[in-house]
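As a plain string of letters, each chain reads:
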Amino acid sequence: MRLLKQLVAVAAVAFVGGQAIAAAEGNDLLTLLLGLSTAVVAVLVYRWVVGRTERRSVTELARSGAGARITRGALIGFAMFAAVIVNIAFVGDYDINGLGSVTGAVALLGFMAAAAVTEELLFRGVLFRITEERTGTWIALLLTGVVFGLMHLLNPDASLWGAVAIAVEAGFMLAACYAATRNLWVPIGLHFGWNFAAGGIFSVVVSGNGESEGLLDTSMSGPALVTGGGFGPEGSLYTVAAGVALTVVFMWLAHRRGHIVPRPRKAAGTEPVPATVS
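Numbers given for residues are sequential positions, taken from 1 along each chain in its written order. Whole-chain, interface and lining totals are the exception, using all residues; otherwise, since this is a predicted model, local features are given only for residues with pLDDT of at least 70 and side-chain atom pairs are given and counted only at 80 or more. With hydrogens and water set aside, each side-chain value is computed from the structure's full complement of heavy atoms.

1. Examining helix 9 (residues 237-256)
- Counting from the N terminus, the helices are DSSP H or I runs at least four residues long and the strands are E runs at least two residues long. Given the number of residues in a helix, its expected span is that number minus one, multiplied by 1.5 Å. Look at helix 9: 29 Å from first C-alpha to last across 20 residues, which is about the 28 Å you get at 1.5 Å a residue.
- Of all the residues in helix 9, the buried ones are Thr239, Val240, Gly243, Leu246, Thr247, Phe250, Met251, Leu253 and Ala254. For helix 9, the arc enclosing every buried residue in end-on projection is 155°, short of the 170-degree limit, so these residues lie on one face. Of the exposed residues in helix 9, the ones pointing more than 90 degrees away from its buried face are Val248, His255 and Arg256.
- For this analysis, residues touch if any pair of their heavy atoms sits within 4.5 Å. The elements touched by buried residues of helix 9 are helix 3 (66-90), helix 5 (137-151), helix 6 (160-181) and helix 7 (185-201).
- A side-chain oxygen of the first residue of helix 9 lies 3.1 Å from the backbone nitrogen of Tyr238; this N-cap is Ser236.
- Just downstream of helix 9, Gly258 is the residue with a positive phi angle, here 75°. Relative accessibility decides the category of a residue: with a 1.4 Å probe and only protein chains considered, values under 20% of the type maximum give buried, values over 50% give exposed, and everything between is partly exposed. The directions considered for the arc run from the helix axis to the C-beta atoms. What qualifies as a polar contact is a pair of N or O atoms within 3.5 Å, subject to a donor-acceptor requirement within protein and to the restriction that residues adjacent in sequence count only when both atoms come from side chains.

Put into structure tokens, the structure is as follows:
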């Protein structure tokens, strides 16, 4: 029941916030404010519902060090996406035509903040964390990563390959990031840095959601396996390779720090010991 209660509570905030942001389309400042508000309310609701249903301190969203952890994650996400764009540009399939839209980037800042926070709370904070208790880290990573990829099939220009790519490069990677750090701030920052770099700076299609109006006026052309086609660079083989590499690094860190939860044995009769926050 706690899984259902937590999912419903956070999903309700995501839905209401998403509807409000959609209604504010065209008003960039209002979109920014609504996006940031949705992110803040989602964090507060997650803390409340998890603390109430599990009767514990919500250490995965501890206030201490939150800013530094978000920043660290955002830098990783930005660097990862910038590396992908550099590789696509190197083969001549990405061009910068000039400056784009500052106000468009401002709106995307709010939109991406809301998306990063609500998705990480739902998929890593609730689904992965609780599934991991029952199945262990590796199975939870696989299951929740696949679900995360499948959810992206609902996007306007989605494709089966795009969903597979998202499952591997984002679903697995972000779960591995949580396993390595045992807090939600780093994956939230990583998710935000990645998405905002894509839409808010490099102005490319994000997860099949259409063209973005960011800081740069850009264009892409070339083979879909390089550019990602209509799904955007997240469908590029470069991105999948980068996501796999980071997943390996995060899981190595999780193993080194003793954060891997083994698959429970039926005869053991004990719950897995949760890892400490680092």
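2. Concerning the packing of aromatic side chains
- Between rings of Phe, Tyr and Trp, where Trp is taken as its six-membered ring, a pair exists when centres lie within 6.5 Å; planes separated by under 30 degrees are stacked, by over 60 edge-to-face, and by other angles tilted. Going through the model one piece at a time under the given rule, you end up with seven aromatic pairs.
- Arranged with centres 6.2 Å apart and planes meeting at 20°, the rings of Phe78 and Phe202 form a pair that is stacked. Of this pair, Phe78 sits in helix 3 while Phe202 sits in the loop between helix 7 and strand 2 (216-220), and the two are 124 residues apart along the sequence.
- The class of Phe78 is partly exposed, set by a relative accessible area of 35%.
- For the ring pair Phe123 and Phe148, a centre distance of 4.9 Å and an interplane angle of 80° mean the geometry is edge-to-face. With Phe123 in helix 4 (residues 102-135) and Phe148 in helix 5, this residue pair connects regions lying 25 residues apart in the sequence. Residues Phe123 and Phe148 agree in their burial class; the two are buried.

3. Details of the side chain of Ser203
- Looking at the element boundaries, Ser203 is found in the loop between helix 7 and strand 2.
- Its relative accessible area of 6% is what places Ser203 among the buried residues.
- Here the side chain of Ser203 touches Leu216 through a polar contact of 2.5 Å, landing on its backbone oxygen.
- When residues no more than four places from it in sequence are discounted, the contact partners of Ser203 are Ala198, Glu211, Ser212, Glu213, Gly214, Leu215, Leu216 and Thr218.

4. Description of the environment of Thr71
- Along the chain, Thr71 turns up in helix 3.
- Residue class for Thr71 comes out partly exposed when judged on its relative accessible area of 44%.
- For the pair Thr71 and His255, spaced 184 residues apart in sequence, the C-alpha to C-alpha distance is 24 Å.

5. Quick notes on the pattern of salt bridges
- Basic side-chain nitrogens of Lys or Arg form a salt bridge, by our definition, when they fall within 4 Å of a carboxyl oxygen of Asp or Glu. Evaluation of the coordinates by the stated rule reveals ten salt bridges.
- For Arg2, the salt bridge is made with Glu54, and the minimal N-O distance between the two is 2.7 Å. A residue pair is termed long-range when its members are at least 10 positions apart, and Arg2 in helix 1 (residues 2-23) and Glu54 in helix 2 (residues 28-54) qualify at 52 residues.
- When its relative accessible area of 21% is taken as the criterion, Arg2 is described as partly exposed.
- A relative accessible area of 16% places Glu54 in the buried class.
- A salt bridge links Glu120 to Arg124; its shortest N-O distance comes to 2.6 Å. Placement of both Glu120 and Arg124 in helix 4 is noted, with a separation of four residues, approximately one turn of the helix.
- Through salt bridges that share partners, Arg2, Glu54, Arg56, Glu60, Arg129, Glu133 and Arg134 make up one connected network.

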